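# Descriptive structure summary
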Amino acid sequence: MSIPRRTVLSVTAAATAATALPAPAVAAGAGDQVPAPQGGGTERNAVLRSAADYAVEKLRAVAPGVSGFPVGTRFEKWTYSRNGDWVGGFWPGTLWMAYLHSDDDSFRTLALDAARGLAPRQHDTTTHDLGFLFSPSWVTAWRLTGDDTWRTGALRAADTLIRRYNPRGRFLRAWGGLDDPNNAGRVIIDTMMNLDLLAFATEQTGDRAYLDIAVAHARTTQRYFLRADGSTPHVHDFDPDTGAPIGPDTVQGYSPTSCWSRGQAWGLYGFTTTYRRTGDPQFLTTARRLADYAIGALTADHVPVWDYRSPQQPYDIKDASAGAVMACGLLDLAAATGRDSYRQTAIRILTALSLTCLTRGSARADAVVARCTRNRRAEDGIEISLPYADYYLLEGILRVLRPAAVDRAIDLSLP
Ligand code: GLY
């Protein structure tokens, strides 16, 4: 597609304006200070609005050719999964966000069509990712259409998810089929983002069992993942038979003692949501500790390095998707704590992504956000686009520009 010149120029003008916001406490390191437009909210919002407009244009051009669930790009073009892998919720979710920003009904139709493709996954007992799959797609579809098919499907997915609960260790296992002994005691920080599906199920059915499992899992994560400085490992292993803790590990981070930036962002967002759904202040404290660590590890350019403790950090490759997730979590945390500094950092991250990570320069690109890293450790997907970066960038921008619309879609209520 062709990118309108007018939009490029307006963003460039904003980018070159002088800094107006007080600089947050971030680590010294690679990259220029993120340019913050002068004039406070109005001009900052202009950068974010322009990025959301760009996303809508890109989606309008690309969506008719999308032939499955985007999982990541290769040479700037989406590659697809038929069943959605763990990411299938983000494509309908992104279309829902485009619908909210544009009021264009064609995005609503596309979102519903895409969500239908996830139907078989309601019964998938091989993964914890049912929250990622069903929250931004089916739960949002129900909230925005009122069609009960989506609500009951999401509840079925919650029923499937709680089958992964190990009562001895008080955790939801991340990976593998229920009878598969491999990975049976493996817990990962990402699962914090799947717990909201269980909160939804309790809210809808009145059955506490779902939320009780979510809370038990969150407490286990809180107890074993949190380091003294607020950083987290990607993985913690347990003996699946006794529930006894074994120790930290990693699959997508640099090492068991490092801090994979997207995992830290999943944790900060997930603990904030868990606080909002339970009102338990301990979860808010944990979310703040994760957030404060990640903010302190951010480089001045406000695009997270892929692992905050990799040997080459802060001069290592970036993961814009970690920034998008982190920004959404920080906006949630700002609302939950009343602390504006979290909101200001979130807006700086969203501004940085909008000014330095979009695919604006490429007519070839299928995605909105570039400069993402899927799995650096496996040398899989470095400097690519990822569907969750597009989704969370739009969610974050709309949390700033259209909070009431986002509230309707994903329920931002405080306890
Ligand atoms: N949940 C897997 C990832 O963030 O890559």
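Our structure is the block above this text.
These remarks concern the structure in this document.

Conventions used here
Residues numbered from 1 in each chain as written. Predicted model: local features only at pLDDT ≥ 70, side-chain atom pairs only at ≥ 80, totals over all residues. Heavy atoms only, no water. Helix = DSSP H or I, 4+ residues; strand = E, 2+ residues; numbered from the N terminus. Rg over C-alpha atoms; globule rule 2.2 N^0.38 Å. Buried < 20%, exposed > 50% of the residue type's maximum accessible area, 1.4 Å probe, protein only. Contact = heavy atoms within 4.5 Å. Areas by Shrake-Rupley, 256 points an atom, 1.4 Å probe, with all protein chains shown as cover. Lys, Arg positive; Asp, Glu negative; His and termini not counted. Charge placed at Lys NZ, Arg CZ, Asp CG, Glu CD. Core = buried A, V, L, I, M, F, W, Y, C linked by side-chain atoms within 4.5 Å. Near = heavy atom within 4 Å. Polar contact = N/O pair within 3.5 Å; in protein donor to acceptor, adjacent residues only side chain to side chain. Nonpolar A, V, L, I, M, F, W, Y, C, P; charged D, E, K, R; others polar. Pairing = 2+ DSSP bridges. Expected span 1.5 Å × (residues − 1). Disulfide = S-S within 2.5 Å. Salt bridge = Lys/Arg side-chain N within 4 Å of Asp/Glu carboxyl O. Axes fitted to C-alpha atoms, helices over the stretch in contact; angles between N-to-C directions. Parallel < 35°, antiparallel > 145°, perpendicular 65-115°, else oblique. Left-handed = near helix turned anticlockwise from the far one by under 90°.

## Here we look at the overall build of the chain
Counting secondary structure elements, the chain contains 14 helices and nine strands. Computed over C-alpha atoms, the radius of gyration of the chain comes to 20 Å, within 12% of the 22 Å expected from 2.2 N^0.38 for 415 residues, which places it in the range of a compact globule. The buried share of the chain, reckoned over its 415 residues, is 61%. If you take every contact in the chain between residues at least 6 apart in sequence, the share linking residues at least 24 apart comes to 67%. Summing over all exposed atoms, the chain offers an accessible surface of approximately 15,200 Å²; the carbon and sulfur share of this is 49%. Measuring between centres, the 44 positive side-chain charges of the chain sit 2 Å from its 43 negative side-chain charges.

## So, the nonpolar core
The biggest cluster of nonpolar side chains holds 124 residues, and the ones touching the most others in it are Leu 197, Met 326, Leu 330, Val 369 and Tyr 392. Apart from residues no more than four positions distant in its own chain, Val 369 is found in contact with Ala 320, Cys 357, Leu 358, Thr 359, Ser 385, Ala 389, Asp 390 and Leu 393. Residues Phe 171, Ile 189, Phe 225 and Phe 238 belong to the second largest nonpolar core, which totals five residues.

## Section: the site of the ligand
Taken together, Trp 86, Asp 190, Gln 252, Trp 260, Arg 262, Trp 266 and Tyr 388 make up the full set of residues near the ligand. With respect to the ligand, the side chain of Arg 262 contributes an N or O atom lying 2.5 Å from an oxygen atom. Interatomic distance of 2.8 Å between a side-chain N/O atom of Trp 266 and an oxygen atom of the ligand. Considered on its own, the ligand offers 200 Å² of accessible surface; in the complex 93% of this is hidden by protein. In terms of residue class, the shell around the ligand is built from four nonpolar, one polar and two charged.

## A closer look at the pairing of strand β2 (residues 77-81)
Where strand β1 (residues 69-74) lies against β2, five bridges are found, and the strand directions are antiparallel. Residue Phe 69 lies in a different strand from β2, and its bridge partner there is Ser 81. Count of turn residues in the β1/β2 antiparallel hairpin: two residues, of which Phe 75 carries a positive phi of about 50°.

## Considerations on helix α12 (residues 340-356)
Look at α12: 24 Å from first C-alpha to last across 17 residues, which is about the 24 Å you get at 1.5 Å a residue. Here α12 lies mainly inside the structure; 13 of its 17 residues are buried.

## Details of the state of the cysteines
Applying the stated criterion across every chain yields a total of zero disulfides. Counting only cysteine sulfurs, Cys 372 is the nearest neighbor of Cys 328, a cysteine outside any disulfide, at a range of 13 Å. Not engaged in a disulfide, the cysteine Cys 357 finds its nearest cysteine sulfur in Cys 372; these two sulfurs lie 7.5 Å apart. You can call Cys 357 buried: its relative accessible area is 0%.

## Considering the environment of Thr 42
Note that Thr 42 resides in helix α2 (residues 41-62). In this structure the C-alpha to C-alpha distance between Thr 42 and Glu 395, which are 353 residues apart in sequence, comes to 19 Å.

## A look at the pattern of salt bridges
Across all of its chains, the model carries 20 salt bridges by this definition. Across the pair Arg 116 and Asp 113 runs a salt bridge whose closest N-O atoms are separated by 2.6 Å. You can see Arg 116 and its partner Asp 113 sitting in helix α4 (residues 105-116), three residues apart, about one turn around the helix. What makes Asp 113 partly exposed here is its relative accessible area of 45%. The shortest N-O distance in the salt bridge between Arg 309 and Asp 229 comes to 2.3 Å. Taken as a pair, Arg 309 in the loop between α10 (281-297) and α11 (320-337) and Asp 229 in the loop between α8 (208-225) and β6 (235-238) lie far apart in primary sequence, 80 residues in all. Exposure remark for Arg 309: the relative accessible area of 31% places this residue in the partly exposed category. Since its relative accessible area comes to 38%, Asp 229 is described here as partly exposed. Each of Arg 276, Asp 332, Glu 395 and Arg 399 takes part in a single network of salt bridges with overlapping partners.

## Focus: the packing of α11 against α12
For any two helices packed against each other, one specifies the crossing angle of their axes together with the interaxial distance. Put simply, α11 and α12 touch, their axes get as near as 8 Å, and they point 155° apart. Considered as vectors, α11 and α12 are oriented roughly antiparallel to each other. Taken as a pair, α11 and α12 cross one another with a handedness that is left-handed. Contacts between α11 and α12 pair Ala 320, Gly 323, Ala 324, Met 326, Ala 327, Leu 330, Leu 331, Leu 333, Ala 334 and Thr 337 from the former with Tyr 342, Arg 343, Thr 345, Ala 346, Ile 349, Leu 350 and Leu 353 from the latter. Taken together, the residues of the contact of α11 with α12 sort by class into 13 nonpolar, three polar and one charged.

## Regarding the sheet that holds strand β7 (residues 245-249)
Here we have three strands laid out as an open sheet, ordered β5-β6-β7, and antiparallel in their pairing. Every interior strand has two partners, whereas the edge strands, β5 (186-188) and β7, have only one. Neighbour to neighbour, the strand axes of the sheet diverge by 25° on average, direction disregarded. In the sheet, β6 pairs with β7 via four bridges, with the strands oriented antiparallel. In the sheet register, Val 235 faces β7, and the bridge partner there is Asp 249. Contacts from α8 reach β5, β6 and β7 within the one sheet, and its direction differs from that of β6 by about 105°.

## Remarks on the packing of helix α5 (residues 130-145) against helix α7 (residues 195-205)
At a minimum axis distance of 9 Å, the contact between α5 and α7 shows a crossing angle of 40°. Classified by the interaxial angle, the pair formed by α5 and α7 is oblique. Across from Leu 130, Gly 131, Phe 134, Ser 135, Val 139, Trp 142 and Arg 143 in α5, the residues of α7 making contact are Leu 197, Phe 200, Glu 203 and Gln 204.

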